[in-house]
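Overview (structure and organization)
The lines below spell out each chain.
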Amino acid sequence: AVYNINDLYSAIENLVETAIRDYTSTATLEEVFVSRDKIMARVVQSLNDCEENWGIRVSRFEIQEINCSDQVRKATETAVLKKREAEARLAMAESTKQAKLLEMEASNEVNYSRAIAEEELKLKQAETERKLNTIKNQILLETTETELKMKRMEQEEQAKIKELHYQAEAN
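Keep in mind that this is a model prediction, so the values were computed, not measured. (Residues numbered from 1 in each chain as written. Predicted model: local features only at pLDDT ≥ 70, side-chain atom pairs only at ≥ 80, totals over all residues. Heavy atoms only, no water.)

A few words on the overall build of the protein. Summing up its helical and strand segments, the protein has five helices and zero strands in all. Among the 171 residues that make up the protein, the fraction classed as buried is 13%. Taking the intrachain contacts of the protein between residues at least 6 apart in sequence as the baseline, contacts between residues at least 24 apart amount to 60%. For the protein, the computed accessible surface area is about 14800 Å², with 53% contributed by carbon and sulfur atoms. Positive and negative charge centroids in the protein, built from 25 and 33 side chains respectively, lie 4 Å apart. (Helix = DSSP H or I, 4+ residues; strand = E, 2+ residues; numbered from the N terminus. Buried < 20%, exposed > 50% of the residue type's maximum accessible area, 1.4 Å probe, protein only. Contact = heavy atoms within 4.5 Å. Areas by Shrake-Rupley, 256 points an atom, 1.4 Å probe, with all protein chains shown as cover. Lys, Arg positive; Asp, Glu negative; His and termini not counted. Charge placed at Lys NZ, Arg CZ, Asp CG, Glu CD.)

Before going further, it helps to examine helix 1 (residues 8-26). Between its terminal C-alpha atoms helix 1 stretches 28 Å, which fits the 27 Å expected from 19 residues at 1.5 Å a residue. Turning to helix 1, the residues buried within the fold contact helix 3 (36-49) and helix 4 (51-54). (Expected span 1.5 Å × (residues − 1).)

With that out of the way, let us pick up the pattern of salt bridges. Evaluated as defined, the whole model comprises four salt bridges. Residue glutamate 62 is joined to arginine 60 by a salt bridge in which the shortest nitrogen-to-oxygen separation is 2.6 Å. (Salt bridge = Lys/Arg side-chain N within 4 Å of Asp/Glu carboxyl O.)

Turning our attention to a nonpolar patch on the surface. Taken together, the side chains of Leu29, Phe33, Val34 and Val72 define a hydrophobic patch exposed on the protein surface, amounting to about 310 Å² of accessible area. In terms of residues, the nonpolar patch owes the most to one element, helix 2 (residues 29-34), which gives three residues. Following the sequence through the fold, valine 34 ends up in helix 2. Owing to a relative accessible area of 66%, valine 34 belongs among the exposed residues under this scheme. (Patch = residues over 30% accessible without salt bridge, like charges linked within 9 Å, V, L, I, M, F, W, Y side chains within 5 Å.)

Attention shifts here to the nonpolar core. Formed by 18 residues in total, the largest nonpolar core has its most connected members in Leu15, Ile39, Val43, Leu47, Trp54, Ile56 and Val58. For this core, the elements supplying multiple residues, two or more each, are helix 1 and helix 3. Ignoring anything within four residues of it in the chain, the contact list for isoleucine 56 reads Leu8, Ile12 and Glu51. (Core = buried A, V, L, I, M, F, W, Y, C linked by side-chain atoms within 4.5 Å.)

Looking now at the environment of phenylalanine 33. Tracing the backbone shows phenylalanine 33 in helix 2. Sequence separation between phenylalanine 33 and glutamate 120 is 87 residues, and the spatial gap between their C-alpha atoms is 66 Å. When residues no more than four places from it in sequence are discounted, the contact partners of phenylalanine 33 are Ile66, Cys68 and Thr76.

One can describe the packing of helix 1 onto helix 3 by two numbers: an axis separation of 9 Å at closest approach and a directional angle of 135°. Taken as axis vectors, helix 1 and helix 3 run oblique relative to one another. The handedness of the crossing between helix 1 and helix 3 is right-handed. Residue-level contacts link Ile12, Leu15, Val16, Ala19, Ile20, Asp22 and Tyr23 of helix 1 to Lys38, Ile39, Arg42, Val43, Ser46 and Leu47 of helix 3. Taken together, the residues that form the contact of helix 1 with helix 3 break down as nine nonpolar, one polar and three charged. (Axes fitted to C-alpha atoms, helices over the stretch in contact; angles between N-to-C directions. Parallel < 35°, antiparallel > 145°, perpendicular 65-115°, else oblique. Left-handed = near helix turned anticlockwise from the far one by under 90°. Nonpolar A, V, L, I, M, F, W, Y, C, P; charged D, E, K, R; others polar.)

As structure tokens, then:
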């Protein structure tokens with residue numbers, strides 16, 4: 001095979017470093033730690049782009065570990081912790097908001113149900129009062145009719161007594 005480079009291993013090493021630097025320059029440190037698969041795919045693609053010129057084909061590339069200084073590691077851990085805390089506060093705020101909305105909805109439902117129940121009670125009270133007034137009027141009417149009948153009967157009785165007195169005086 002004929003190679004267009006003098007030192008294949010150095011060229012591969014340089015190409016791998018370039019591909020990794022290219023990816024990591026556009027990604028956050030957290031993304032770098034969690035996206036090894038993307039980095040490895042980018043390196044394999046870069047190496048295979050040189051397949052025709054170098055006469056090699058890379059089927060797999062593996063990143064065993066990512067090392068960084070203690071300062072960078074601590075800064076990353078702090079950033080991740082702060083991000084998680086912010087997400088937790090956001091989730092808590094969202095939960096609180098949701099709980100308040102549900103509480104307001106429940107309160108509205110209770111108030112609506114109470115208002116309907118009060119309206120129904122007023123309607124039943126009005127109906128009961130109407131029936132009671134109807135019964136009172138019937139009793140009053142019947143009492144008045146009875147009183148009138150009794151007066152007529154008394155008048156008729158007095159008229160019969162007077163007639164009997166007139167007849168007795170006439171005899």
